[in-house]
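# Observations on the three-dimensional arrangement
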Amino acid sequence: MNIACRPTTGVITFANRWDHFLARAGVNRMARRVEPGLYGLGKPTAQTLVVVTANYRLSFDALRAALNGTDAYILVLNTQGINVWCAAGEGTFGTDELVRQVEAAALAEVVNHRVLILPQLGAPGVAAHEVKKRTGFKVEYGPVRAADLPAYLKTRQATPEMRRVRFTLADRMTVALVDILKPLPLMALVAVVLYFLGGPLPALAVILATLAATALFPALLPWLPTREFSTKGFILGGVVALPLALAALGNPPALGWLPLARAAMYLLAVPPAVAYLALLFTGSTTFTSRAGVRREIFAYIPVMAWMFGAGVVLALVVFAAQFWGGRA
Amino acid sequence: MNRVSEINSLQYDAAQCIGCGLCVDVCPHGVFAMNGRLARLVRPAACMECGACQKNCPVGALWVDSGTGCASAMIRAALSGKKEAKPT
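Residues numbered from 1 in each chain as written. Chains lettered and ligands numbered in written order. Predicted model: local features only at pLDDT ≥ 70, side-chain atom pairs only at ≥ 80, totals over all residues. Heavy atoms only, no water.

Residues and elements named next belong to chain A. With mixed pairing, the six strands of this open sheet are ordered in space as β1-β2-β4-β3-β5-β6. Sheet topology places β1 (5–8) and β6 (138–141) at the edges, where each strand pairs with a single neighbour. In this sheet, neighbouring strand axes are inclined to one another by 35 degrees on average, regardless of whether the strands run parallel or antiparallel. Bridge count between strand β3 (residues 50–54) and strand β4 (residues 72–77): five bridges; the pairing is parallel. Counted as the bridge partner of Val50 is Tyr73 from β4. Helix α2 (residues 57–66) contacts β1, β2 (37–41), β3 and β4 of the sheet and is inclined by roughly 155 degrees relative to β3. (Pairing = 2+ DSSP bridges. Helix = DSSP H or I, 4+ residues; strand = E, 2+ residues; numbered from the N terminus. Axes fitted to C-alpha atoms, helices over the stretch in contact; angles between N-to-C directions. Contact = heavy atoms within 4.5 Å.)

Core analysis: the largest hydrophobic core is formed by 37 residues, its most contacted members being Leu75, Phe93, Leu98, Leu107, Leu116, Leu118 and Tyr141 of chain A. Here this core takes four residues from helix α3 (residues 84–90) of chain A, the largest share from any one element. In contact with Tyr141 of chain A, other than residues within four places in its own chain, are Leu118, Pro119, Gln120, Ala123, Val126, Ala128, Tyr152 and Arg163 of chain A together with Leu22, Val26 and Asn56 of chain B. Grouped together as the second largest cluster of nonpolar side chains are 32 residues, Phe167, Leu224, Ala248 and Ala261 of chain A included. (Core = buried A, V, L, I, M, F, W, Y, C linked by side-chain atoms within 4.5 Å. Buried < 20%, exposed > 50% of the residue type's maximum accessible area, 1.4 Å probe, protein only.)

To continue, consider the environment of Ser230 of chain A. Residues and elements named next belong to chain A. For Ser230, the location among the structural elements is in helix α12 (residues 229–250). When the C-alpha positions of Ser230 and Met304 are compared, they lie 9.1 Å apart, and in sequence the two are 74 residues distant. For Ser230, the residues in contact, after removing those within four places along its chain, are Ala275, Leu279, Glu296, Tyr300 and Met304.

What follows deals with the domain arrangement of chain A. Residue and element names in this part refer to chain A. Here chain A is described as being made up of domain 1 (5–163) and domain 2 (169–327). Here the C-alpha centroids of domain 1 and domain 2 sit 41 Å apart. Counting from both sides, the interface comprises four residues of domain 1 and, opposite them, five residues of domain 2. Taken as a group, Arg24, Ala25 and Trp85 account for 83% of the area that domain 1 buries against domain 2, more than any other trio of residues on that side. Counting across the domain 1 and domain 2 interface gives zero salt bridges. (Domains from an automatic or database assignment. Buried area = accessible area lost by both parts, 1.4 Å probe. Salt bridge = Lys/Arg side-chain N within 4 Å of Asp/Glu carboxyl O.)

Structure follows, in structure tokens:
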């Protein structure tokens, strides 16, 4: 009775790994989709458990790799190529889509049990009691990570450890990769422009500020003092700006107000730029709440805009002064 | 319902709880624990407002203004005047 069941395996091929890398690097993410519907792993029978996932390549592959060597049905929901947690937040990994796929696969005829095992992070989009009412299937929330699934399936009980979302250094750097790569072309362009306007130090400042915000910030996240992302970013930006400001005091040598203005432009422009990019990292984390992010946006974005604006105006004055005879 | 933390919108009405334990299962930050036959809040400040508990509470004992704590999505929504993505 496997009318609409596609076969799959638990083996991750080289082509899959290349796909994973491209997805992590943010290259045409929307192309990393899996065809939605029912898949059979190994030799599933009418008693075999049904595990549900999203149609994002990384989600589907993490699941089938974890189930390698076992028999399972995998029901893939159409989340438009988005991972389970983000899709659940948007409602596309949701009750309606789950009911639709259960019916489309005629699951009630494929298996003779009535259990669906969902990833825990699908819960923001799925109402278990409603699925039961509409399909007769009982939703069981499995662990957060697919890798814990074999242990979960032995007892059908998740330990508190399996239920908790973490954000380890490896997790942070993996999700940061796309944020590190994306701004590089723009950063290079701005650095070249600043090199011709103001010399090597302003160009270096742009490179250091960008890398500090996109690579160093995620790495140091738990160790930066304060709780808010904006203030953590201001602090990191200040640490980057200070040596630049000190270097700018003496090089190239100039008289009067110019060295001070040069130092001030780094102290004004770099910290808010790093803080802004740091605030954007909230979208990549596993723990920020909307109320918290909203509070930060209202509290700190105006400060960032004014400081950065003042820094840019000061930089233009400094560059102009250097250009028209400020060179002593 | 009672606000349970200063820094998020989570609300819980213990009087309605039937002790099914689903909130404990779905919360990714260990906000809930079972205390006999009732859910109890053990880490209310860790709530990230994902909405999983509200969605899966069969009796409506939990409420949270759910959404994604993502600054770029919120700034984009503010600038374009469109609504932030929200589960329905």
